[in-house]
Amino acid sequence: MSDVVSTDDLVAWIRAFRDAVQQHRDELTALDSAIGDADHGSNMARGLDAVVVKLETPPASAAELFKTVGMTLVSSVGGASGPLYGTFFLRMGPALADTDGADAVALGAALRAGVDGVVARGKAEPGDKTMIDALGPAVAAWDDAVAAGADVEAVSAAAAEAAAKGRDATEPLVARKGRASYLGERSAGHIDPGAASSALLLETLRDSLAARG
């Protein structure tokens, strides 16, 4: 199996992410109903449906792919999710602009650029009970696995596991950012919906790379 991730592989990931969000739409909405606006699942599903329509015209490069994904999410997803996820993908694109296919190092750098963009946009830190609590550990695990010499499938599996642990770790936290922060102590006891969808993002990347045959 090639250690190079092609643009087609990345398109398959985005399609798989859309499918996973659709599958978990009600779950994401239920999480958001506890501490937010009860629209995370529906907003993300709508935005990713719009993305998949745009991808009916195949992108010429990874940079073009992520620019399309990011701009579509910004324009079609309501609430905080559109700008944050949109920024994530918009930042990934330039990091892959000069690559024909991304190896684990290049893809990891792109993911980190995306996470840094989300941090800059949302001003969230680890422990604030946001998507950063899943994405931050994921990119750290990615970098550690790359440094250990793992192939891209194993690297993505490590990142997905770290994202899931980060998601689960948001449950006891008191939210310090976003609408959930208005609840104060009452926000504890609930998994953050943004962290939940972020874990799906990494899980579908793992699964898409593993399914390449």
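Shown above is the structure to which this text applies.
Source: prediction; values computed, not measured. (Residues numbered from 1 in each chain as written. Predicted model: local features only at pLDDT ≥ 70, side-chain atom pairs only at ≥ 80, totals over all residues. Heavy atoms only, no water.)

Peer 1: What's the story with the overall build of the protein in this structure? I'm lost.
Peer 2: Assigned secondary structure in the protein consists of 9 helices and 0 strands. Computed over C-alpha atoms, the radius of gyration of the protein comes to 16 Å, within 12% of the 17 Å expected from 2.2 N^0.38 for 213 residues, which places it in the range of a compact globule. Along the first, second and third principal axes, the C-alpha set of the protein runs to 45 × 40 × 30 Å. Among the 213 residues that make up the protein, the fraction classed as buried is 49%. Total accessible area on the protein stands at roughly 9,100 Å², and carbon and sulfur atoms take up 52% of it. Put simply, the protein has 19 plus and 30 minus side-chain charges, and the middle of one group is 7 Å from the middle of the other. (Helix = DSSP H or I, 4+ residues; strand = E, 2+ residues; numbered from the N terminus. Rg over C-alpha atoms; globule rule 2.2 N^0.38 Å. Buried < 20%, exposed > 50% of the residue type's maximum accessible area, 1.4 Å probe, protein only. Areas by Shrake-Rupley, 256 points an atom, 1.4 Å probe, with all protein chains shown as cover. Lys, Arg positive; Asp, Glu negative; His and termini not counted. Charge placed at Lys NZ, Arg CZ, Asp CG, Glu CD.)

Peer 1: What is the right way to look at empty space enclosed by the protein in this model?
Peer 2: In this approach a probe as big as a water molecule rolls over the atoms, and the regions it shows empty are the leftover space. Overall, the coordinates contain 2 cavities of 30 Å³ or more when judged by the stated rule. What the largest cavity holds in volume is close to 40 Å³. Lining the largest cavity we find Phe-88, Leu-111, Val-115, Leu-135, Ala-138, Val-139, Trp-142, Ala-159 and Leu-202. For the lining of the largest cavity, the element with the highest residue contribution is helix 7 (residues 132-147), accounting for 4 residues. Taken together, the residues of the lining of the largest cavity break down into 9 nonpolar, no polar and no charged. Its volume calculated, the second largest cavity comes out at about 30 Å³. Around the second largest cavity, the lining residues are Val-5, Ser-6, Thr-7, Leu-10, Ala-62, Leu-96, Thr-99, Asp-100, Gly-101 and Ala-102. For the lining of the second largest cavity, a count of residues per class yields 5 nonpolar, 4 polar and 1 charged. (1 Å grid on protein atoms, 1.4 Å probe; cavity = no way out; pocket = protein on both sides within 12 Å on 5 of 7 lines; lining within 4 Å. Points joined across faces, edges and corners; volume = space filled by probe spheres on them. Nonpolar A, V, L, I, M, F, W, Y, C, P; charged D, E, K, R; others polar.)

Peer 1: What should I look at first to understand unusual backbone geometry in this one?
Peer 2: Excluding glycine, most residues fall at negative phi; most peptide bonds, likewise, are trans. With a phi close to 60°, Lys-123 is a non-glycine residue in the positive phi region. Among the residues examined, Lys-123 registers a relative accessible area of 55% and is labelled exposed.

Peer 1: I would appreciate a short explanation of a nonpolar patch on the surface in the present structure.
Peer 2: Among the surface-exposed residues, Met-71, Val-74 and Leu-90 lie close enough to one another that they form a single nonpolar patch of about 240 Å² accessible area. Taking the relative accessible area as the measure of exposure, Leu-90 reaches 32% and is therefore partly exposed. (Patch = residues over 30% accessible without salt bridge, like charges linked within 9 Å, V, L, I, M, F, W, Y side chains within 5 Å. Salt bridge = Lys/Arg side-chain N within 4 Å of Asp/Glu carboxyl O.)

Peer 1: Looking at this structure, how should I read the packing of aromatic side chains?
Peer 2: Any pair of aromatic rings gets described here by the distance separating the centres and the angle formed by the planes. Per the counting criterion, the structure on display carries 5 aromatic pairs. The interplanar angle of 70° and the centroid separation of 6.1 Å between the aromatic rings of Trp-13 and Phe-66 together place this pair among those described as edge-to-face. Taken together, the residues Trp-13 in helix 1 (residues 7-23) and Phe-66 in helix 4 (residues 62-76) connect sequence positions 53 residues apart. With centroids separated by 5.1 Å and ring planes inclined at 85°, the aromatic side chains of Phe-88 and Phe-89 adopt a geometry described as edge-to-face. The structure contains a cluster of three or more aromatic residues connected by ring pairs, namely Trp-13, Phe-66, Phe-88 and Phe-89. (Phe/Tyr/Trp six-rings, centres within 6.5 Å; stacked < 30°, edge-to-face > 60°.)

Peer 1: Would you mind going over helix 1 with me for this structure?
Peer 2: Two residues of an α-helix separated by three or four positions point the same way, owing to the 3.6 residues in each turn. Here helix 1 is 17 residues long and its end C-alpha atoms lie 24 Å apart, about the 24 Å a rise of 1.5 Å per residue gives. Along helix 1, the positions that sit buried rather than exposed are Thr-7, Asp-9, Leu-10, Val-11, Trp-13, Ile-14, Phe-17, Ala-20 and Val-21. (Expected span 1.5 Å × (residues − 1).)

Peer 1: What's the story with the side chain of Thr-204 in this structure? I'm lost.
Peer 2: Position of Thr-204 relative to the elements: it lies in helix 9 (residues 193-210). Here Leu-200 takes part through its backbone oxygen, which lies 2.8 Å from a polar atom of the side chain of Thr-204. With residues near it in sequence (within four places) discarded, Thr-204 still touches Trp-13, Ala-16, Phe-17 and Ala-20. (Polar contact = N/O pair within 3.5 Å; in protein donor to acceptor, adjacent residues only side chain to side chain. Contact = heavy atoms within 4.5 Å.)

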